[in-house]
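Here is what each chain is made of, one letter per residue.
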Amino acid sequence: MTDPEDKDQDRFGRNQKELLELCKRRFFYRQASDIYGGVAGFYTYGPPGCAVKNNIISLWRQTFVISEHLLEIEDSCIMQHSVLKASGHVDRFNDFMVKDVEDESKFFRADKLLEEVMEAKLQTPGITEAQRHEYTTVRNQADAFSQKEMWEMFQKYAIKSPETGNGLSEPYEFNLMFPTPIGPGGYLQGYLRPETAQGIFLNYKYCLEQNSNRLPFGVAQVGRSFRNEIAPRAGLTRQREFTQAEIEYFVNPKQKDHPKFGLVESTVLTLFHADAQLSAQDPVKMTVGEAVRSGLINNETLGYFIVKTWQFLVSIGLKKEYIRFRQHLPTEMAHYACDCWDAEIFGSYGWLECVGIADRSAFDLTAHANAAKCDLQYKEHW
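Rules used throughout
- Residues numbered from 1 in each chain as written.
- Predicted model: local features only at pLDDT ≥ 70, side-chain atom pairs only at ≥ 80, totals over all residues.
- Heavy atoms only, no water.
- UniProt positions renumbered as here; feature names shortened; annotations may be inferred.
- Helix = DSSP H or I, 4+ residues; strand = E, 2+ residues; numbered from the N terminus.
- Buried < 20%, exposed > 50% of the residue type's maximum accessible area, 1.4 Å probe, protein only.
- Polar contact = N/O pair within 3.5 Å; in protein donor to acceptor, adjacent residues only side chain to side chain.
- Contact = heavy atoms within 4.5 Å.
- Axes fitted to C-alpha atoms, helices over the stretch in contact; angles between N-to-C directions.
- Left-handed = near helix turned anticlockwise from the far one by under 90°.
- Disulfide = S-S within 2.5 Å.
- Patch = residues over 30% accessible without salt bridge, like charges linked within 9 Å, V, L, I, M, F, W, Y side chains within 5 Å.
- Areas by Shrake-Rupley, 256 points an atom, 1.4 Å probe, with all protein chains shown as cover.
- Salt bridge = Lys/Arg side-chain N within 4 Å of Asp/Glu carboxyl O.
- Phe/Tyr/Trp six-rings, centres within 6.5 Å; stacked < 30°, edge-to-face > 60°.

**Comments concerning the UniProt feature "domain: Aminoacyl-transfer RNA synthetases class-II family profile" (unreviewed entry) in the protein chain**
And step 1. UniProt tags residues 18-365 as "domain: Aminoacyl-transfer RNA synthetases class-II family profile" (unreviewed entry).
And step 2. Within residues 18-365, the helical portion is 34% and the strand portion 25%, while the C-alpha atoms at the span's ends are 47 Å from each other.

**Observations regarding unusual backbone geometry**
And step 1. Cis rather than trans, the peptide bond between Leu215 and Pro216 has omega equal to -5°.
And step 2. Summarising the element assignment, Pro216 is placed in the loop between α9 (204-210) and β10 (217-226).
And step 3. The backbone phi angle of Phe27 is positive, close to 55°, even though this residue is not glycine.
And step 4. Looking at where Phe27 falls in the secondary structure, it is placed in the loop between α1 (4-25) and β1 (29-31).

**Some points on the side chain of Arg324**
And step 1. Its location among the elements puts Arg324 in strand β14 (residues 323-327).
And step 2. Residue Arg324 is classed as buried on the basis of its relative accessible area, which comes to 9%.
And step 3. One polar contact links Arg324 to Glu344, side chain to side chain, over a distance of 2.7 Å.
And step 4. The residues touching Arg324, leaving out its near neighbours within four places in the chain, are Thr270, Phe272, Pro283, Asp342, Ala343, Glu344 and Trp351.

**Some thoughts on the packing of helix α5 (residues 110-122) against helix α7 (residues 147-156)**
And step 1. α7 packs onto α5 with a crossing angle of 35° between their chain directions and a minimal axis gap of 11 Å. Two packed elements cross with a definite hand, and for α5 against α7 that hand is left-handed. Where α5 approaches α7, its residues Ala110, Asp111, Leu113 and Leu114 are matched on the opposing element by Met150, Met153 and Phe154.

**Examining the state of the cysteines**
And step 1. One pass over the full model with this rule turns up zero disulfides.
And step 2. Note on Cys50: no disulfide assigned, nearest cysteine sulfur contributed by Cys23 at a separation of 14 Å.
And step 3. Not engaged in a disulfide, the cysteine Cys354 finds its nearest cysteine sulfur in Cys340; these two sulfurs lie 13 Å apart.
And step 4. For Cys354, a relative accessible area of 38% gives the class partly exposed.

**Thoughts on a nonpolar patch on the surface**
And step 1. A surface patch of nonpolar side chains, amounting to about 340 Å² of accessible area, comprises Phe28, Val52, Ile56, Leu59 and Ile316.
And step 2. With respect to the element layout, Phe28 can be found in the loop between α1 and β1.
And step 3. Look at Phe28 and you get partly exposed, because its relative accessible area is 31%.

**Remarks on the packing of aromatic side chains**
And step 1. Applying the stated rule across the entire model yields 12 aromatic pairs.
And step 2. Both rings, one in Tyr29 and one in Tyr43, keep their centres 5.6 Å apart while their planes meet at 80°; by these two values the pair is edge-to-face. Of this pair, Tyr29 sits in strand β1 while Tyr43 sits in strand β2 (residues 43-45), placing them 14 residues apart in sequence.
And step 3. Of the residues examined, Tyr29 reaches a relative accessible area of 13% and is grouped as buried.
And step 4. Aromatic side chains Trp60 and Phe64 sit 5.5 Å apart centroid to centroid with 40° between the ring planes, which places their arrangement in the tilted category. Here Trp60 pairs with Phe64, and both are found in helix α2 (residues 47-66), just four residues apart, close to one helical turn.

In structure tokens form, the structure reads like this:
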């Protein structure tokens, strides 16, 4: 299977600088607080950029909220500590970070740095097929390594600080949430929300009532999320403040079929399943119906929304050959998820995740019901 990066990476790289300069000059977007020098990871959308973004959100609402008859809510951007403690974000919403041992002002996200090093090795002329297989496998697993495994990879490949050539510290966890005190006394700990999904789970009971206490139903939310990225770069692809559009679709776990799956089951998708990643093989093309029947995709509802995501991405102008769905590896999969796929887009920075589609089971609802000691009225459905 031909990978678009084989023919287009050089062209993307040549055009990238000119495109970024054009966006800046015509004020599609610029660094936020640019006249003060700005801070990495924060951007201002100018009139043309704001118009494009609003058009995309409008089409997203048409594709999902209206067409799928979803409920939409708008929750607060600041959440109290107890909410994010129950959801696991306080303890587990971390990335591994390394820092330059001689210049401690330079930090790097460990998995992304490892991916970049493997990508550079793959471009080395004359590497053997065994080396290509090794570097590809390590690159594919970079986000799934444990702290110990990550450090072993850094030692094995003698990875140094890319800007200075100095040594790097051992990887250590860094929580990505922005803390903020609430109230004049500052005694109530809060955080800028790292995702919009938790607001949906907190209001499940009230949305269920809006839907006459019937399953299945979906809830959507569009709004700002905040993540204190270790080393934001690559333009708009890794920001500290950004807009998310999220859906939580609630079903009976014993009835995960979808009434409209028959309308999409013949859709052909590019699937990068876990086994292919671990064996350094190429993604495969198959219909979503075949993927569900074979068990590659866990159930019809998950498969249906994977196709809806693909249809949306194509509708906003992305080429089909530049879209694939990558399955999370077993070591990468959240402990509460039975299956998870990322929609990835290929561009000048390589393959980048833009959508996550997961079967989360009842983890979040159970966690909040237990922590808040309340009845969220979901147990009779699960």
